[in-house]
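# A structural walkthrough
Residue strings, one per chain:
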Amino acid sequence: KGRGTTQRGLIAESICAHLAQQLGLVLPPFSLLQIPPELALAFGPQASALGHGAVFGSLQASGAQEFSVTQLKSVDAEQRRKLLAFDWWVENADRSLSPHGGNPNLLWRASGSQLLVIDHNLAFDTAFDETAFFATHVFRGDAETLFDDLVCRAETSALLDTALAHFDAAVQSLPREWFWLAGAVQTLPVQVDFELIKRRLSLRA
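Residues numbered from 1 in each chain as written. Predicted model: local features only at pLDDT ≥ 70, side-chain atom pairs only at ≥ 80, totals over all residues. Heavy atoms only, no water.

## Some words on the overall build of the protein
Quick note on the threshold: Think of it this way: any DSSP run of H or I at least four residues long counts as a helix, any run of E at least two long counts as a strand, and we number them from the N terminus. Here the globule rule reads 2.2 Å times residues to the power 0.38, and the radius of gyration is calculated from C-alpha atoms. With a 1.4 Å probe rolled over the protein chains alone, any residue whose accessible area is under 20% of its type maximum counts as buried; one over 50% counts as exposed, and the rest are partly exposed. Method for areas: the Shrake-Rupley scheme with a 1.4 Å probe, in which residue coverage is limited to the protein chains shown. Residues counted as positive are Lys and Arg, residues counted as negative are Asp and Glu, and His and the chain ends are not counted. Charged side chains are reduced to one point each, which is NZ for Lys, CZ for Arg, CG for Asp and CD for Glu.
Helices and strands together make up the secondary structure of the protein, namely eight helices and seven strands. By the compact-globule yardstick of 17 Å for 205 residues, the protein fits well, its C-alpha radius of gyration being 18 Å. Projecting the C-alpha coordinates of the protein onto the three principal axes gives extents of approximately 50 × 40 × 25 Å. Looking at the protein residue by residue over its 205 residues, the buried ones come to 42%. Total accessible area on the protein stands at roughly 10,900 Å², and carbon and sulfur atoms take up 55% of it. Charge-centre separation for the protein: the mean point of 16 positive side chains lies 1 Å from the mean point of 22 negative side chains.

## Let's talk about unusual backbone geometry
Apart from glycine, the bulk of residues carry a negative phi angle, and the bulk of peptide bonds sit in the trans form. Even without glycine at this site, Asn-105 takes up a positive phi of about 50°. Inspection of the secondary structure assignment puts Asn-105 in the loop between strand S5 (101–103) and strand S6 (106–109). With relative accessibility at 8%, the residue Asn-105 sits in the buried group. With a phi angle near 50°, Ser-113 is a residue other than glycine that sits in the positive phi range. Within the secondary structure layout, Ser-113 lies in the loop between S6 and strand S7 (114–117). Its relative accessible area of 45% is what places Ser-113 among the partly exposed residues.

## Re the pairing of S6
Put simply, the rule is: For two strands to be treated as a pair, DSSP must find no fewer than two bridges joining them.
Note that strand S3 (residues 64–66) and S6 share three bridges and pair antiparallel. What sits directly across from Glu-66, in S6, is Leu-107. Note that S6 and S7 share four bridges and pair antiparallel. Paired with Leu-107 across the strands is Leu-116, a residue of S7. Two successive antiparallel strands, S6 and S7, enclose a turn made up of four residues, where Gly-112 displays a positive phi of approximately 90°.

## Digging into the nonpolar core
Inclusion rule: By nonpolar core is meant a set of buried Ala, Val, Leu, Ile, Met, Phe, Trp, Tyr and Cys residues that side-chain atoms within 4.5 Å join together. Throughout, a contact is declared for two residues whenever any of their heavy atoms are within 4.5 Å.
Ile-15, Phe-86 and Trp-89 are the most contacted members of the largest nonpolar core, which totals 51 residues. Setting aside residues up to four positions removed in sequence, Trp-89 forms contacts with Leu-19, Leu-160, Ala-163, Leu-164, Leu-201, Arg-204 and Ala-205.

## Thoughts on the packing of aromatic side chains
Applicable threshold: In this analysis, rings of Phe, Tyr and Trp, with Trp reduced to its six-membered ring, are considered paired at centre separations within 6.5 Å, and the interplanar angle assigns stacked below 30 degrees, edge-to-face beyond 60, and tilted for intermediate values. Lysine NZ or arginine CZ positioned within 6 Å of the ring centre and within 35 degrees of the ring normal marks a charge as sitting over the ring.
Going through the model one piece at a time under the given rule, you end up with nine aromatic pairs. Taking the centre distance of 5.7 Å and the plane angle of 20° together, the rings of Phe-30 and Phe-56 count as stacked. Taken as a pair, Phe-30 in strand S1 (residues 30–35) and Phe-56 in strand S2 (residues 53–58) lie far apart in primary sequence, 26 residues in all. For the pair shown, Phe-30 and Phe-56 are each scored as buried. With a centroid separation of 5.5 Å and an interplanar angle of 90°, the aromatic rings of Phe-134 and Phe-147 are classed as edge-to-face. In this pair, Phe-134 is assigned in helix H4 (residues 130–136) and Phe-147 in helix H5 (residues 143–148), connecting sequence segments 13 residues apart. One aromatic cluster is present, formed by Trp-88, Phe-128, Phe-133, Phe-134 and Phe-147 through successive ring pairs. Arg-204 extends its terminal NZ or CZ atom over the ring of Trp-88, reaching a point 4.2 Å from the ring centre.

## Some details on a negative patch on the surface
We count it as follows: Exposure above 30% relative accessible area and the lack of any salt bridge qualify a residue for a patch; like charges then connect within 9 Å, and the nonpolar side chains Val, Leu, Ile, Met, Phe, Trp and Tyr within 5 Å. Salt bridges, as used here, are contacts in which a Lys or Arg side-chain nitrogen is within 4 Å of a carboxyl oxygen on Asp or Glu.
On the surface, Glu-144, Asp-148, Asp-149 and Glu-155 cluster together into a negatively charged patch. Within the element layout of this structure, Glu-144 appears in helix H5. Residue class for Glu-144 comes out exposed when judged on its relative accessible area of 59%.

## Considering the side chain of Thr-156
Take Thr-156: it is sitting in helix H6 (residues 150–164). Residue classification places Thr-156 among the buried positions, given a relative accessible area of 14%.

Rendered as structure tokens:
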């Protein structure tokens, strides 16, 4: 993901990838990559959404397909609750699914029954709507257990606290050029309040 995702989206993508990994969710291996201008030009118009400079890259998940309703019962209950908690925690409403369709932003690898979590560029949404979130999330059926079972809630809270301890390191790992709307030319700063995000995460943990 590059220019087409916007700097704010790239920041959310990278921070969430680190936090999700700390929480024990499975993501395709990811890394920051550098796209030289010459390579971007070589790809022509197809590379316009990627641009050049620092981008977020994930290893292609071989043998995986887009997650569908038919796989719901194949996902381990702990993983379902963990992902539901994570998306609620980082205010990411972009993981919906119903029998009528949706956009789960998940991959499923039948070999090993492995759920792969992707796409967090819309997280830290200041307009996050909890009612809509719990009405549409792919694993909304696990909300009652997650929030009403005192043992499950305490265990999840401890996991979120542990992941939160890595927030500052995740921010420090971000390329400095993502902090500016003009890329490497530092003119207009991206409007991302990291302290506010951290406070909101702390309050919801």
